[in-house]
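# Structural features, examined
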Amino acid sequence: MDRYLRRQELAQVEIGHTAVSPPVARLLVAAGLVTLLAVPIARSLVPAPDLDRAAAPFGRFRQALGAALATPGPVAKNRAVLERMDELERRIEDESIIMELVLSPAQWLLSGLGGVGNEEVYLGRDRWLYLWPGVDYLIGPGFLTGRALERRRQAGPSWRRPPQPNPLPAILDFHRQLRARGIRLLVLPAPTKAMIHPEPLSRRALRGPAAGGPLLQNRSFGAFRSELEAYGVLVFDPTGTLSRVPRDAGREAFLRTDSHWSPEGVDAVAKELADRIRLLELPFEDHPAPFRRESLVHSSQGDLVRTLRLPRWQNLFPQETVHISPVVGARPGNEPGKGAEILVVGDSYTNVYSQPELRWGRDAGLAEQLSFHLERRVDRIAVNAGGASASRQGLARDLAAGRDRLARTKLVVFEFAMRELAVGDWLLIPLPEASAGRG
């Protein structure tokens, strides 16, 4: 799962806009006191090797700080020091034994007794978990409004360049570069869980899209889509598709404790996407090649449970069980000049059910299911936690290294999490020149 704004950036955005009820305030104070008292107690109980491990980030910080202070120029020096301090905070969060012994149990108490998440996860009813940028995408301002764009430019840390918040220039530039190679671009923004399953978050949303209620969307999405289509970019919004996924035996369109769509959700999207591609009547050279699917049962813990950083012994959120459908013989490859005529460029929404490291099985993700429904081999470049730009950067690197992933491509499907429209850093990525003989 992607990391978005860190604590200090989130504070800049939300300062003066946070309301805490008295019961939650008392619980937070109690948890803070427990945390303060537990630190000296933990130091007396933790074995020396674990204390050494806890101190390791500070040793690395001293070395990095020395290099930062040697940076020439006061402005560059200041930025380098701030970056090292932020890096120390991340290492403490990821490696500290105090985090494991103290903060994780405190989070367990907050989540179990108070229904409280953290800066990245919201808790809904019936143990549903939501990634906060996905919720903020819906309830926040239009992502194309001047105020929202300016807020995003100012939200980044002071030692980095300001983010590029507007998605339109980057996508249109990608479209122009592909069109110069004779390739069509189809944009596929993957909806957030809160758009399809808002009911656990709000009693006022009991009649959500799946129950026939209105489709939820950021107020700028309509203008965003119209602008792309005016320039000839194909747009497939699967929100309606996911809202129609049948709910039976706990098989919703999204996983309850994970940020990604369910196997049923990705299959429904791949099926309708295949139908849309057929209507384009692209000049494919390869003949249809039917694929076969298997059926497997897989259990795992959702990524949002891990993001809560609960103790290993937590029992608030059990593993989820899913039915995946691996596609035999459809695993995407990357042979130069021998690739497929369709390339999916995406993020973890593309990779979930494809890559074992995401813990939900393999060979059953978006590219494989599209291969099955379209009866054509589909190539894939997808970067987990890559945000708005990493997959396009991966394509550019392959082309620069002589691995022409576009040599036979007729269509590029650009999948990205829809929340990236409001929080992503939309870089313009130049692609190396097309190979000789390409139209």
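Residues numbered from 1 in each chain as written. Predicted model: local features only at pLDDT ≥ 70, side-chain atom pairs only at ≥ 80, totals over all residues. Heavy atoms only, no water.

## Quick look at the overall build of the protein
Each helix and strand in the protein was counted, giving 17 helices and 11 strands. For the protein, buried positions account for 50% of its 439 residues. A fraction of 78% describes how many contacts in the protein between residues 6 or more apart in sequence connect residues 24 or more apart. When the accessible surface of the protein is split by element, carbon and sulfur atoms take 55% of a total near 21,000 Å². (Helix = DSSP H or I, 4+ residues; strand = E, 2+ residues; numbered from the N terminus. Buried < 20%, exposed > 50% of the residue type's maximum accessible area, 1.4 Å probe, protein only. Contact = heavy atoms within 4.5 Å. Areas by Shrake-Rupley, 256 points an atom, 1.4 Å probe, with all protein chains shown as cover.)

## Topic: the pairing of strand 3 (residues 184-190)
Judged by how many residues are buried, strand 3 sits mostly within the fold: six of seven residues are covered. Sheet analysis places strand 3 next to strand 4 (residues 234-235), joined by two bridges and oriented parallel. Looking at strand 4, one finds that Leu186 is bridged to Leu234. (Pairing = 2+ DSSP bridges.)

## Here we look at the sheet that holds strand 4
Here five strands make up an open sheet; going across it, the order is 4-3-11-9-10 and the pairing parallel. The strands lining the two open edges of the sheet, one partner per strand, are strand 4 and strand 10 (378-382). Bridge count for strand 3 against strand 11 (residues 411-417) is seven bridges, and the pairing is parallel. By the bridge assignment for strand 11, Leu185 is matched with Val412.

## Observations concerning the packing of helix 12 (residues 263-280) against helix 15 (residues 366-374)
Put simply, helix 12 and helix 15 touch, their axes get as near as 8 Å, and they point 50 degrees apart. The angle between the axes of helix 12 and helix 15 places the two elements in the oblique class. Remark: the crossing between helix 12 and helix 15 carries right-handed chirality. Judged by residue contacts, Val266, Asp267, Val269, Ala270, Lys271, Leu273, Ala274, Ile277 and Arg278 of helix 12 engage Leu366, Gln369, Leu370, His373 and Leu374 from helix 15. (Axes fitted to C-alpha atoms, helices over the stretch in contact; angles between N-to-C directions. Parallel < 35°, antiparallel > 145°, perpendicular 65-115°, else oblique. Left-handed = near helix turned anticlockwise from the far one by under 90°.)

## Things to note about the side chain of Arg152
Relative to the elements of secondary structure, Arg152 occurs in helix 7 (residues 146-155). No salt bridge is formed by the buried Arg152. Its closest oppositely charged neighbour is Asp425, at 6.0 Å. In this structure the side chain of Arg152 is engaged in a polar contact, spanning 3.3 Å, whose partner is the backbone oxygen of Ala422. (Lys, Arg positive; Asp, Glu negative; His and termini not counted. Salt bridge = Lys/Arg side-chain N within 4 Å of Asp/Glu carboxyl O. Polar contact = N/O pair within 3.5 Å; in protein donor to acceptor, adjacent residues only side chain to side chain.)

## Re the packing of helix 8 (residues 167-180) against helix 10 (residues 221-230)
At a minimum axis separation of 11 Å, helix 8 and helix 10 run at an interaxial angle of 25 degrees. With respect to their mutual orientation, helix 8 and helix 10 come out roughly parallel. Considering only the axes of helix 8 and helix 10, their crossing is right-handed. Between helix 8 and helix 10, the contacting residues are Pro167, Leu168, Ile171 and Leu172 on the first element and Phe224, Glu227 and Leu228 on the second. In terms of residue class, the contact of helix 8 with helix 10 is built from six nonpolar, no polar and one charged. (Nonpolar A, V, L, I, M, F, W, Y, C, P; charged D, E, K, R; others polar.)

## So, the packing of aromatic side chains
All chains considered together, the criterion is met by 10 aromatic pairs. Judged by centre distance (6.2 Å) and plane angle (25 degrees), the rings of Trp128 and Tyr130 are stacked. Side by side, Trp128 and Tyr130 carry an identical accessibility label, which is buried. Relative to Phe224, the ring of Phe221 has its centre 5.8 Å away and its plane inclined at 45 degrees; by these criteria the two rings are tilted. Taken together, the positions of Phe221 and Phe224, both in helix 10 and three residues apart, correspond to about one turn of that helix. Comparing Phe221 with Phe224, the two get one shared label, buried. (Phe/Tyr/Trp six-rings, centres within 6.5 Å; stacked < 30°, edge-to-face > 60°.)

## A short note on the confidence of the model for the protein
Mean pLDDT over the protein stands at 83; residues scoring 70 or higher make up 73%. This stretch, residues 1-7, has a pLDDT under 50; its non-local contacts, to residues over four places away or in other chains, come to 34 contacts. (pLDDT = per-residue confidence, 0-100.)

## Describing the environment of Gly232
Structurally, Gly232 can be placed in the loop between helix 10 and strand 4. With a relative accessible area of 36%, Gly232 lands in the partly exposed category. As a C-alpha pair, Gly232 and Leu172 span 60 residues in sequence and 9.3 Å in three-dimensional space. Aside from chain neighbours lying at most four places away, what touches Gly232 is His175 and Arg184.

## Things to note about the pattern of salt bridges
This model, assessed by the stated rule, comprises 16 salt bridges. For Asp275, the salt bridge identified is with Arg278, shortest N-O distance 3.0 Å. Note that Asp275 and Arg278 are positioned in helix 12 at a spacing of three residues, about one turn of the helix. Classification of Asp275 by relative accessible area gives partly exposed; the value is 36%. Note that Asp363 is salt-bridged to Arg362, the shortest N-O span being 3.9 Å. Among the residues examined, Arg362 registers a relative accessible area of 40% and is labelled partly exposed. Each of Asp379, Asp398, Arg403 and Arg405 takes part in one network of salt bridges that share partners.

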